[in-house]
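Residues per chain are reported as follows:
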Amino acid sequence: MKIGVYPGSFDPITNGHIGILRRSVSLFDKVILLLAVNPNKKSAFSIEQRLSFMKEVAKGFPNVEVDFTEGLTIEYCRKVGAKHIIRGLRAVTDFEYEFQLAAANRYLSKDIDMVFFMAEEGSSFISSSTINELKKNGADISPLVPPIVNEAYDK
Ligand code: ADP
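None of these values were measured; they are calculated from a predicted model.

Student: For this particular structure, what's the right way to read the layout of surface pockets?
Tutor: Over the atoms a probe the size of a water molecule is rolled, and this reveals where empty space is left. In this structure, the largest pocket occupies an estimated 1300 Å³ of space. Forming the boundary of the largest pocket are 46 residues, of which Gly8, Ser9, Lys41, Arg87 and Tyr97 lie nearest the centre. Mapped onto the lining of the largest pocket, the elements with two or more residues apiece are strand E1 (3-8), helix H1 (15-24), strand E4 (84-89), helix H4 (92-108) and helix H5 (128-136). A per-class count over the lining of the largest pocket returns 18 nonpolar, 18 polar and 10 charged.

Now the structure itself:
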C-alpha cells in the first residue's frame, strides 16, 4: 500500500492545508495527516484540540487518517512504511525552510522522499499564525478555515 504522510503543526488546520490534502490524496492509497508536535513551539490550540479538528477534516476523505508524533517524521514514516512526505509551498520564504528540511530528511533516509504542492491561487496568504492573528483582531476568518475551527475560537 502506498502511504503518504502529511506532517505539520496544524495550529489550527486551515483551508490552505486542506487544499494540499485534497490534491495529495489521489496520489496515495492512504494519507496520514500527522500532527508533528514541536514542544518548543508555543501553540494556540492544545494537542487534543488540534487532533479533533484534524479528525473532523479527515471525515471528508475516504483514505485519510489522523495521528500524532513527538519524534522525527522520518522515524514515523519508517514505522508505518510510508515512502513519501507531503508538504506545501507558499512564498519563497517557505522554500528556504522546506529546502533545509528536505536536506535534513535526506540525511536521515535516502528512501523516503518529500513531495511538494504549490499553494493554490488565493490561499497562499493562509497560515495558522495569520489566522490566529486575524481572529484575535476581530476579522471574519470563516472562509479560511473549516467550520469546526471557526467555532472553536468563539467558545
Ligand atoms: P510546520 O510547523 O511543520 O511548518 P504547518 O502546519 O505550519 O506546519 O504547515 C504544514 C505544511 O503545510 C507546510 O509544508 C506548509 O508550508 C504547508 N502549508 C500551510 N499553509 C499552506 C497554504 N495556505 N498553502 C500551501 N501550503 C501550506
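Student: How do you make sense of the site of the ligand when you look at a structure like this?
Tutor: Neighbouring the ligand are 19 residues; Tyr6, Ser9, Lys41, Gly88 and Ser123 lie closest to it. Gly88 is positioned with one of its backbone polar atoms (N or O) 2.6 Å from an oxygen atom of the ligand. For the ligand, whose free accessible area comes to 550 Å², the fraction covered by protein is 91%. Under a 2 Å grid-point criterion requiring more than half of the atoms, the pocket assigned to the ligand is the largest pocket.

Student: Help me understand the nonpolar core, please; the structure alone is not making it clear to me.
Tutor: A general feature of soluble globular proteins is that nonpolar side chains tend to end up buried together. Judged by nonpolar contacts, the single largest core of 30 residues is most densely connected at Tyr6, Ile13, Leu21, Val31, Leu33, Met54 and Val64. The dominant element in this core, judged by the number of residues it contributes, is helix H2 (residues 47-58), at five residues. Every residue in contact with Leu21, bar those within four places of it in the chain, is listed here: Tyr6, Val31, Leu33, Val57, Phe61 and Val64. Counting 11 residues, the second largest nonpolar core, distinct from the first, contains Val5, Ile32, Ile74 and Ile85.

So, how was this worked out
Residues numbered from 1 in each chain as written. Predicted model: local features only at pLDDT ≥ 70, side-chain atom pairs only at ≥ 80, totals over all residues. Heavy atoms only, no water. 1 Å grid on protein atoms, 1.4 Å probe; cavity = no way out; pocket = protein on both sides within 12 Å on 5 of 7 lines; lining within 4 Å. Points joined across faces, edges and corners; volume = space filled by probe spheres on them. Helix = DSSP H or I, 4+ residues; strand = E, 2+ residues; numbered from the N terminus. Nonpolar A, V, L, I, M, F, W, Y, C, P; charged D, E, K, R; others polar. Near = heavy atom within 4 Å. Polar contact = N/O pair within 3.5 Å; in protein donor to acceptor, adjacent residues only side chain to side chain. Areas by Shrake-Rupley, 256 points an atom, 1.4 Å probe, with all protein chains shown as cover. Sits in = over half its atoms within 2 Å of the grid points. Core = buried A, V, L, I, M, F, W, Y, C linked by side-chain atoms within 4.5 Å. Buried < 20%, exposed > 50% of the residue type's maximum accessible area, 1.4 Å probe, protein only. Contact = heavy atoms within 4.5 Å.

Function-wise, these values are silent; they only describe arrangement.
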